[in-house]
Amino acid sequence: MDRIEELETALTIASATADHIQVDDARRLTGPGLLWNKPGAVLDVFFTEIDPSRVSALWEKNARRVLDALGWQDQDLTYRTFTGGINLVISAPMDQLYSAIFAAQTAWHFCAAELLGATSSDFDQMVADVKAVMAKEANPRLIELITAAEAHGVDILCDDDEISIGHGTGSQVWPVDALPAPGDVDWSSLHNIPVAFITGTNGKTTTTRLLEAIARASGKVAGLTSTEFVRVGDDILDRGDYSGPGGGRMLLRDKRLEIACLEVARGGILRRGLPTRAATAAAVTNVANDHLGQYGVNTVPELAQAKFAVHRTLVEGGVLALNADDAYVRAEAKNTLANIWWFSLDRQNDLIRQAREAGRRCAYLHQGNIIYFDGSSERNVIAVSGVPLTMGGVAKYNILNALAAMCLALALDLPFQAVRDGLAGFKPDAQDNPGRCNEFNHNDARVFVDFAHNPHSISAVCDALSGLPAKRRFIMLSHAGDRSDQDIRDVTATALKFQPDVIVAAELEGYLRGRALGEIPDLIEGTALQNGYRADQIQRARSPSQAAANILDQLEPGDLALLLVLSERDAVLEMLGA
C-alpha cells in the first residue's frame, strides 16, 4: 500500500500547489444515481480559471488509459460539468469498488500533472499498485452470484457485510465472505416484490406514508424507509435518517415484507446511488430550492436531474408518477423515456389533457374529486372531502401527495378499494403523519405543528392555514445557521403569508453552524419589521420549546397557532399531549 499512499500524497500536493483546483474525497457508487445506473467511483473536482473542456478531455484520455491497463476494457467512464467544477466517474465490477476509488485517483493524478505542468509518477508502477488492491478485494463468487441472479430475473443487493438475493418474503441473505455457489442457491424460493421509490423536495415522507397506508389497507405486509425510521408493519427496525441505500437494503431484506415504500433523499442519491434496479414504480413529488451546493448540484434544474435518478431503477414497463403542476418536474421529464403517469390539481393542465388525448394513464382533481384516468375512461376514486389529510381541500399540497400515492398504488397493482380505504383512514395527526401539519386543541385554540423548513414547504403550509378563521394568529419561526442571510429572510417572508398577529423567533443553539447567538432572530425580526410588523408583535425565545410554551400560554379560545418546529420536536409534541 506504500505506493498507493504516495499516490494520495501526490494528489494532495497537486491540489495544494494550485489554489484554483480542489479535489473532494472520492466515493463509491453502488447503484443508480445522478450520472448513470452503474457501480463505480466518482471524484468531485472544483476549479477556477480552467476550461472545463480541457479537464474532461484529459479525463477521457487518462481514465481510459488506466481502465485499459487494469484489464477493465469493458468498463466505462463519464463526466458531468457544473459551475465551478466537474464530476469524474468510472464504472467498475461490483466486487472492486474500493479499487475503483484508487483507479479514479490514479487517472486524476495524471490529469492533474498535465494541468499543472508537473512531473507525474511512474504509470506502470501505479497501475501495478492498484492491481494489488484489486487482487485483495476481488470476490469472484459475488460476480458469479450477480450473473446468476440476473439470469434468473431476481434482484441482488450488495454491501460491505452482506449480500442478499430477492426482496422481502422472497429474499435470502449471506455474509459477504461466505457466499454460496450459484448451484447451491434455491432459486425457486427467491423473487422480487413490488417496490416504489418516492423522492422530491417536499411531500416525499407524507407520500411514502400514504402509500404504505394503502398497501396495509389491501391486507399486505408493507414497510417503509424514511428520514425518521425503517418500519415493517408496526415494527420499527431502527430509528434515524434511512432515506439512503442502507435503509433500503435493511427494509428489502426483511422476510415479512410484501410491499416496499422507499423514501429517497438527494443526499443518498448523490453519495452512493439507489439500492435496487428492480423498482415497479417511482414518483417525483416536486423540485424546489433546497440543499443546493453539494456534489456539484448548484441549481434547481440540476437538483431535478438528481431527483430523476429514480427513473433508472425502474423495471421494463415500470411507472414514473410525476407532478404536472411543477415546472422543474415538467422540464426534466423531457429527458426520460420512462412510462410517465402525470398527476395534477387541474384536469385542464396541458400534460393531463395530452395524456388523456393519447390514451395514457393519469390522475387529477376534478369537481372536488380525485380522479384516475385509465387510458380510456375516468374513475372517481374518492372525494377530497373524504381524505382527512387535505383538511377539507385547503391543503392542496396534500391533494397532490394523495394523487401521487394513488398513482403508485395502482402501478403496484393494489385494488381501488384499498386506495379509498388508505386515503380515507390516514389522519393528519402525530400517529399517522408525525410532524406534518399535525393539529391539536389547546385552550379551545387550534395549534398546528409542522417540520417545514424551506420556502416551498413553508409556503404550502402557510397557504393552507391562512384561510382558516382565527381570532388571533401566532407563528413560531427558527432557522439553522448554515443558510445564507438572504435564504433566512426569504423563508421568513414566506412564513408571513400566514398573516400572524404575533411572531416568536426561536434560537436554535444546537444549529448555529458558525453564527453567533441572536444573529438569526435578528434576521427574522428585521424581515418582519421590513414587512410592516411592529416591534411589539415580535417576541423572542431561547429555544423552540420555550417559544412553543410562550405561545401556548398566550392562546385563547378561537386563536390559531402554527409551530414550525425544527428541533426539540418531542418536547413540543409532549406539551401538546402527543
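Residues numbered from 1 in each chain as written. Predicted model: local features only at pLDDT ≥ 70, side-chain atom pairs only at ≥ 80, totals over all residues. Heavy atoms only, no water.

Enquirer: I'd like a rundown of empty space enclosed by the protein, residues and numbers included.
Expert: Summed over the entire model, instances satisfying the criterion amount to one cavity of 30 Å³ or more. As for the largest cavity, its lining consists of 13 residues, of which Leu29, Leu34, Leu35, Ile269 and Leu270 are closest to the centre. Elements with a contribution of two residues or more to the lining of the largest cavity: β2 (27-29) and α8 (266-271). For the lining of the largest cavity, the residue count by class is eight nonpolar, three polar and two charged. (1 Å grid on protein atoms, 1.4 Å probe; cavity = no way out; pocket = protein on both sides within 12 Å on 5 of 7 lines; lining within 4 Å. Points joined across faces, edges and corners; volume = space filled by probe spheres on them. Helix = DSSP H or I, 4+ residues; strand = E, 2+ residues; numbered from the N terminus. Nonpolar A, V, L, I, M, F, W, Y, C, P; charged D, E, K, R; others polar.)

Enquirer: So, the pattern of salt bridges: which residues are in play, and what are the values?
Expert: Overall, the coordinates contain 30 salt bridges when judged by the stated rule. In this structure, arginine 231 and glutamate 212 form a salt bridge, with 2.5 Å as the shortest nitrogen-oxygen distance. You can see arginine 231 sitting in strand β11 (residues 229-232) and its partner glutamate 212 sitting in helix α6 (residues 204-217), a full 19 residues away along the chain. Note on accessibility: arginine 231 and glutamate 212 belong to one class, buried. Among the ionic pairs, arginine 540 bridges to glutamate 525, the shortest N-O distance being 2.8 Å. With arginine 540 in strand β24 (residues 538-541) and glutamate 525 in helix α16 (residues 519-530), the pair connects residues that are 15 residues apart, well separated along the chain. The structure contains a network of salt bridges with shared partners spanning Asp159, Glu162, Arg249 and Arg253. (Salt bridge = Lys/Arg side-chain N within 4 Å of Asp/Glu carboxyl O. Buried < 20%, exposed > 50% of the residue type's maximum accessible area, 1.4 Å probe, protein only.)

Enquirer: Now, about the packing of aromatic side chains: what can you tell me, with residues and values included?
Expert: Summed over all chains, the structure comprises four aromatic pairs. Ring centres 5.9 Å apart and planes at 50° place the aromatic pair tryptophan 341 and tyrosine 372 in the tilted group. Taken together, the positions of tryptophan 341 in strand β16 (residues 339-344) and tyrosine 372 in strand β18 (residues 369-373) put the pair 31 residues apart, joining distant regions of the chain. Site record: aromatic cluster; members linked through ring pairs are Trp341, Tyr372 and Phe416. Note that arginine 473 overlies the ring of phenylalanine 498, its terminal NZ or CZ placed 5.2 Å from the centroid. (Phe/Tyr/Trp six-rings, centres within 6.5 Å; stacked < 30°, edge-to-face > 60°. Lys NZ or Arg CZ within 6 Å of the ring centre and 35° of its normal.)

Enquirer: Which residues make up the pairing of strand β4 (residues 77-82), and what are the values?
Expert: Here β4 runs beside strand β5 (residues 85-91); their pairing, made up of six bridges, is antiparallel. When the sheet's bridge partners are listed, phenylalanine 82 is paired in β5 with glycine 85. Linking two consecutive strands that pair antiparallel, namely β4 and β5, is a turn of two residues; a positive phi of about 95° is found at glycine 84 within it. (Pairing = 2+ DSSP bridges.)

Enquirer: Please set out the environment of glutamine 294 residue by residue, giving values where relevant.
Expert: Position of glutamine 294 among the secondary structure elements: in the loop between β14 (279-284) and α9 (300-307). Residue glutamine 294 is classed as partly exposed on the basis of its relative accessible area of 37%. Along the sequence, glutamine 294 and aspartate 24 sit 270 residues apart, while their C-alpha atoms lie 11 Å from each other. Aside from chain neighbours lying at most four places away, what touches glutamine 294 is Arg266 and Leu270. Within the structure, the side chain of glutamine 294 is placed 2.8 Å from the side chain of arginine 266, a separation counted as a polar contact. (Contact = heavy atoms within 4.5 Å. Polar contact = N/O pair within 3.5 Å; in protein donor to acceptor, adjacent residues only side chain to side chain.)

Enquirer: Describe the pairing of β16, naming the residues involved and giving the relevant values.
Expert: The element β16 is extensively covered by neighbouring structure, given that five of its six residues are classed as buried. Here five bridges tie strand β15 (residues 314-323) to β16, and the two strands are oriented parallel to one another. Each residue of the ladder has a partner; that of alanine 321, found in β16, is tryptophan 341. For the crossover that starts at β15, traverses helix α10 (residues 327-333) and ends in the parallel β16, the hand is right-handed. Of the strand pairs in this sheet, β16 and strand β17 (residues 362-366) are connected by three bridges, and their pairing is parallel. Following the sheet pairing, serine 344 is matched in β17 by tyrosine 364. For the handedness criterion, the β-α-β arrangement of β16, helix α11 (residues 350-357) and β17 is classed as right-handed. (Right-handed = clockwise from strand over helix to strand, strands pointing away.)

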